[in-house]
Amino acid sequence: MGVNSNRVEDFNSHGGSTTTTTTTLKISTEIPMPKTEAMEIHNVCLPSKKTTFQKLKHRLSEIFFPDDPLYRFKDQTWCKKLVLGFQFLLPIFQWGPEYNLTLFRSDIISGVTIASLAIPQGISYAKLASLPPIVGLYSSFVPPLIYSVLGSSRHLAVGPVSIASLVMGTMLSESISPVEEPILYLKLAFTATFFAGLFQASLGLLRLGFIIDFLSKATLVGFMAGAAVIVSLQQLKGLLGIVHFTGKMQFIPVVTSVFDHKKEWSWQTIVMGFSFLLFLLTARHISMRKPKLFWVSAAAPLTSVFLSTLLVFCIKSKAHGIPIIGHLQKGLNPPSSNMLYFNGQYLALAIRTGIVTGILSLTEGIAVGRTFASLRNYQVDGNKEMLAIGLMNMAGSCTSCYITTGSFSRSAVNYNAGAQTAVSNIVLATAVLVTLLFLMPLFYYTPNVILAAIIITAVIGLIDYQAAYKLWKVDKLDFLACICSFFGVLFISVPLGLAIAVGVSVFKILLHVTRPNTVVLGNIPRTQIYQSLNRYREASRVPSFLILAIESPIYFANATYLQERILRWIREEEEWIKANHESTLKCIIIDMTPVTAIDTSGIDMVCELRKMLEKRSLQLVLVNPVGSVMEKLHHSKILESFGMNSFYLTVGEAVGDISASWKPQP
């Protein structure tokens, strides 16, 4: 074997601090690669030496500050840093100085447009949460004002949403009757909102937003679809005019209650309800088919409220079978800090409800904000959004508001109406303010049936069957999580359905961690590229080599499995060699490129595997371990037992160098 040897340095001799690239040129033949006279072999180097404090600092920075939020402050004067600090804490200072009349014109149009949708939806969603209708309007006044100052999204329209309203109503109603104990129920709703805000703000402040990532899209698709079905069925109470209706939120009790109370069905309510439901669905369909006519679906709910109220007022002497909203108190939000429930037997219920609704509303709000930000090519800071939504809900709980977040339907209308900044939320709040001060008597004759029709129209869009079909085509485990969430909500309960779906998602994560993928690699002819034999038909085995790739970190949870799986690959390879009369297996190469981390159990597994293969006269070679893995192998002294000829930078170099060493010396 001819060797042209350059300066060679032992990568252990410098304690891992060297960055010198060492090379050894060796003649290599009898392997499937391009015909070249020599191959350059690179040593695998250790990362530069760092102290424990430096490593911890880097790791914490990657976990909590992946976006490096303070990069704008580098190399700035103190005056500039102060300005940037205000802009960082209060995003309104970013766009405020450049605000002009043209932007205001767009914002006032979009603000008035979403107000026409937010006012009837606010009343309807409060009823969905079993709260007084006026609370829905209160929740459409204070939170938008706070978000316009603290929020980083230009298009997010803030207010009550159907899912959070449903979950809050369901969880609180299981223990407290909103009819028999309305004051206590209201106290718990405000307290749950406070804890939801506290939880959300804490996530933003501590930069722990990754916690909400456990609610995967698959989980939310199933959850929202199931919730939409339950909400729609619950609205049959209003559409049919039923007085005595079940308070349960499961499919079978709701459907049973509908048919058990057929005698209470009111034909006047049915005719009015389904007529306006058809009108609202038609308006929604028109806007979906022609986005430029977005104002049709936006104005439809307020138009329905106006027409139905006028109709009931005109026939009030003959409309005794149609329930109406009745008196709504005029005036601004009354303070409610004295109603917060911080001790007693129901405190745990309020905290639990707050955390669940907080997670759901946060997930929806951030997802909606990022969706519209991507359409306009700007970024929404997730941690700022958590802080803004959290502080918004904490302040809201002290001003008679319940849980609020960014609504997809209102945000879509806001975007299509041409909103430019968060001022559209201020315009929305102003419109609600005018309504609270002067227009409340106009809602006296508004029938409950129209609120039911508005809710059904709003939640029906949450049933995304196309997304479910895509999950089935792409990932069966994601589809399983979706289905579990859907049927869990439908037949068990809303919170338990969500918990089941999260459990399935966590199980999927554990499955990927504990049972990682391993593949056998082969060489693509006339190249030094090595890819999966199953995936690439042109890839071929390299004689006397078994080349494996581990596609995950090696942890205590999967170390035993990986050892067993590698030994099985070896056994199967030896059986294949025997059956096909191929060259004897001599070397096992493991491509460590996808192995991003390793712990002590993983190191022990690698060491034990090397000893087992050594007894069978098989050489174990590791290719391209990443810096952190190489460093841990070095500290564990495993490098000394392996030797320098057991580590290579690429599979091609490993195959070429090792096969060349098997040739007889001239």
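Everything quoted here is computed from the prediction, not taken from an experiment.

## Description of the overall build of the protein
For the protein, the count of helices and strands is 26 helices and 11 strands. For the protein, the C-alpha atoms occupy an extent of roughly 115 × 65 × 55 Å along the three principal directions. Taking all 666 residues of the protein together, the buried fraction comes to 50%. Sequence-distant contacts in the protein: of pairs separated by 6 or more residues, those separated by 24 or more amount to 78%. Carbon together with sulfur atoms contributes 62% to the accessible area of the protein, which is approximately 32100 Å² in total.

## Quick look at the pattern of salt bridges
This model, assessed by the stated rule, comprises 7 salt bridges. With a closest N to O distance of 3.1 Å, E574 and R616 form a salt bridge. With E574 in helix α22 (residues 559–580) and R616 in the loop between α23 (600–615) and β10 (619–623), this pair connects stretches of sequence that are 42 residues apart. Residue R616 is classed as partly exposed on the basis of its relative accessible area of 39%. Between R610 and E614 there is a salt bridge, with its nearest N and O atoms 3.2 Å apart. A residue pair is termed a helical-turn pair when its members lie 3 or 4 positions apart in one helix, as R610 and E614 do in helix α23 at 4 residues. Here R610 falls in the buried class, since its relative accessible area comes to 12%. Salt bridges here are not isolated pairs; linked through shared partners, they connect D475, D478 and K508.

## Notes on the domain arrangement of the protein
Looking at the assigned domains, one finds that the protein contains domain 1 (94–508) and domain 2 (516–662). When each unit is reduced to the centre of its C-alpha atoms, the spacing between domain 1 and domain 2 is 54 Å.

## Remarks on the nonpolar core
One finds L131, L188, L360 and Y402 to be the most contacted residues of the largest nonpolar core, which totals 119 residues. Top contributing element to this core by residue count: helix α8 (residues 182–205), with 11 residues. Beyond its immediate chain neighbours, meaning those up to four positions away, L188 contacts L172, I176, Y341, Y346, L349 and A350. Within the second largest apolar cluster, 38 residues are counted, among which are L548, V595, C607 and F647.

## Observations concerning the side chain of S308
Checked against the element boundaries, S308 lands in helix α13 (residues 294–314). Assessed through its relative accessible area of 0%, S308 is described here as buried. From its side chain, S308 meets the backbone oxygen of V305 in a polar contact 3.1 Å long. When sequence neighbours within four positions are dropped, the list of residues in contact with S308 reads M272, F276, P447 and I450.

## Side note on the packing of aromatic side chains
According to the stated counting rule, one finds 15 aromatic pairs in the structure shown. Geometrically, the ring pair formed by F194 and F195 is edge-to-face, given 5.6 Å between the ring centres and 80° between the ring planes. Of the two residues examined, F194 and F195, each falls in the buried class. Through pairs of rings, three or more aromatic residues link up here, namely F251, F486, F487 and F491. Above the ring of W472, the side-chain terminus of K476 is found at 4.6 Å from the ring centroid.

## Notes on helix α16 (residues 408–416)
Residues R410, S411, A412, V413, N414 and Y415 constitute the buried set of α16. Buried positions along α16 lie against α4 (101–128), β4 (158–159), α13, α14 (347–375) and α17 (423–439). Just past α16, the residue G418 takes up positive phi, approximately 95°.

## Considering the pairing of strand β9 (residues 587–591)
Among the 5 residues that make up β9, 5 are buried, leaving the element largely enclosed by the rest of the structure. Where burial is concerned, the two faces of β9 agree: the one with C587, I589 and D591 and the one with I588 and I590 are both buried. As defined by bridge partners, strand β8 (residues 545–550) adjoins β9 across 5 bridges and the pair is classed as parallel. Residue pairing across strands places I547 opposite I589, the latter belonging to β9. Handedness of the crossover is the feature at issue here: the chain leaves β8, passes through α22, returns alongside β9, and the resulting connection is right-handed.

## Looking at the layout of surface pockets
Volume-wise, the second largest pocket comes out at about 1400 Å³. K127, S130, P178, V179 and K237 are, among the 48 residues lining the second largest pocket, the residues nearest its centre. Residue assignment for the lining of the second largest pocket shows that the elements contributing at least two residues are α4, α5 (133–138), α7 (162–173), α8, α10 (236–240) and α18 (448–459). Each residue belonging to the lining of the second largest pocket can be placed in one class, and the counts come to 28 nonpolar, 16 polar and 4 charged.

## Description of unusual backbone geometry
A positive phi angle is found at S400, which is not glycine, with a value near 65°. Mapped onto the fold, S400 is located in the loop between α15 (382–397) and β5 (405–406). Take S400: its relative accessible area is 6%, and that puts it in the buried class. Despite not being glycine, S544 has its phi angle at roughly 75°, a positive value.

## Describing the environment of P543
Among the secondary structure elements, P543 is positioned in the loop between β7 (530–532) and β8. Here P543 falls in the partly exposed class, since its relative accessible area comes to 44%. Sequence separation between P543 and E582 is 39 residues; the distance between their C-alpha atoms is 7.3 Å.

## Remarks on the packing of α14 against α15
Each pair of packed helices gets described by two things: the angle between the helix axes and the distance between those axes. Running from N to C, α14 and α15 point in directions that differ by 130°, and their axes come no closer than 10 Å. By the criterion of interaxial angle, the relationship of α14 to α15 is oblique. The hand of the α14/α15 crossing is right-handed. Along its contact with α14, which presents L362, G365, I366 and R370, the element α15 presents G382, E385, M386 and I389. Residues of the contact of α14 with α15, tallied by class, amount to 4 nonpolar, 2 polar and 2 charged.

## Some details on the side chain of S424
Along the polypeptide, S424 turns up in helix α17. Side-chain polar atoms of S424 contact the side chain of N414, separated by 3.2 Å. In this structure the side chain of S424 is engaged in a polar contact, spanning 3.3 Å, whose partner is the backbone oxygen of T421. Discounting chain neighbours no more than four positions away, the residues touching S424 are D107, S110, G111, I114, R154, N414 and A419.

## A word on the packing of α4 against α16
Close contact between α4 and α16 brings their axes to 9 Å; oriented N to C, the two are set at 165°. In terms of orientation, α4 lies roughly antiparallel with respect to α16. Between α4 and α16 the crossing geometry is right-handed. Residue-level inspection shows S110, T113, I114, L117, A118, Q121 and Y125 of α4 in contact with α16, the latter providing S409, R410, V413 and N414. When grouped by side-chain class, the residues that make up the contact of α4 with α16 number 5 nonpolar, 5 polar and 1 charged.

What counts as what
- Residues numbered from 1 in each chain as written.
- Predicted model: local features only at pLDDT ≥ 70, side-chain atom pairs only at ≥ 80, totals over all residues.
- Heavy atoms only, no water.
- Helix = DSSP H or I, 4+ residues; strand = E, 2+ residues; numbered from the N terminus.
- Buried < 20%, exposed > 50% of the residue type's maximum accessible area, 1.4 Å probe, protein only.
- Contact = heavy atoms within 4.5 Å.
- Areas by Shrake-Rupley, 256 points an atom, 1.4 Å probe, with all protein chains shown as cover.
- Salt bridge = Lys/Arg side-chain N within 4 Å of Asp/Glu carboxyl O.
- Domains from an automatic or database assignment.
- Core = buried A, V, L, I, M, F, W, Y, C linked by side-chain atoms within 4.5 Å.
- Polar contact = N/O pair within 3.5 Å; in protein donor to acceptor, adjacent residues only side chain to side chain.
- Phe/Tyr/Trp six-rings, centres within 6.5 Å; stacked < 30°, edge-to-face > 60°.
- Lys NZ or Arg CZ within 6 Å of the ring centre and 35° of its normal.
- Pairing = 2+ DSSP bridges.
- Right-handed = clockwise from strand over helix to strand, strands pointing away.
- 1 Å grid on protein atoms, 1.4 Å probe; cavity = no way out; pocket = protein on both sides within 12 Å on 5 of 7 lines; lining within 4 Å.
- Points joined across faces, edges and corners; volume = space filled by probe spheres on them.
- Nonpolar A, V, L, I, M, F, W, Y, C, P; charged D, E, K, R; others polar.
- Axes fitted to C-alpha atoms, helices over the stretch in contact; angles between N-to-C directions.
- Parallel < 35°, antiparallel > 145°, perpendicular 65-115°, else oblique.
- Left-handed = near helix turned anticlockwise from the far one by under 90°.

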